[in-house]
Amino acid sequence: MPVVTFPVAGRDNCVVVAGIPYVYATVAGRGFVMRARCPHRGGPLHLAAPTADAVRLVCPWHEMKTSVARLRAEIPAVRVGGTVTAVFPDRPAARGTDPAAEGEAGVRREHRTLAPELAARCPL
Ligand code: FES
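So, how was this worked out
Residues numbered from 1 in each chain as written. Predicted model: local features only at pLDDT ≥ 70, side-chain atom pairs only at ≥ 80, totals over all residues. pLDDT = per-residue confidence, 0-100. Helix = DSSP H or I, 4+ residues; strand = E, 2+ residues; numbered from the N terminus. Buried ≥ 20, exposed ≤ 12 C-beta atoms within 10 Å, placed from the backbone. Core = buried A, V, L, I, M, F, W, Y, C linked by C-beta atoms within 7 Å. Pairing = 2+ DSSP bridges. Axes fitted to C-alpha atoms, helices over the stretch in contact; angles between N-to-C directions.

1. Considering the confidence of the model for the protein
Scored by pLDDT, the protein has a mean of 89; 85% of the residues are at 70 or more. Ranking the elements of the protein by mean pLDDT puts strand β10 (residues 107–110) last with 94 and strand β6 (residues 56–58) first with 98.

Next up, the structure:
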């Protein structure tokens, strides 16, 4: 189980574990680490908009709704200031992942711009 500390915003705000990207997002004032890949067909869940009641995220590709509670429960994480430490599941590498491009323990970092509604609003 990779344990990774990464920034909640800005450069390297996305951790890719076994080919699956994760970001820190905020919905209804509560932050959590979530998969940035839609369970439907891999759309950019980090660009999703919350529903009016903030219970689900609406994927921008085909408008499938994903439960925020389910996303929130998937990755245990603790935020301290501008960083968050998360425990990611062990998974086989996603299809199309190049193991040579992955860093230690299959983890790599990159930047993903979040939808404005998901971006961390708390002071860093
Ligand atoms: S890829 Fe997200 S709804 Fe289809």
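2. Section: the environment of Pro 89
Here Pro 89 is to be found in the loop between β9 (83–87) and β10. The exposure class assigned to Pro 89 is exposed, which follows from the 12 C-beta atoms found within 10 Å. Pro 89 sits 13 residues away from Pro 76 along the chain, and the two C-alpha atoms are 9.7 Å apart.

3. Focus on the nonpolar core
Formed by 29 residues in total, the largest nonpolar core has its most connected members in Tyr 22, Val 23, Ala 25, Val 33 and Met 34. Here the element with the most residues in this core is strand β3 (residues 20–27); it accounts for five residues.

4. Side note on the sheet that holds β3
The strand order across the open sheet formed by four strands is β4-β3-β2-β10, and the pairing between neighbours is antiparallel. Lying at the two open borders of the sheet, with one neighbouring strand each, are β4 (30–35) and β10. Across the sheet, the mean angle from the axis of one strand to that of its neighbour is 30 degrees, orientation sign disregarded.

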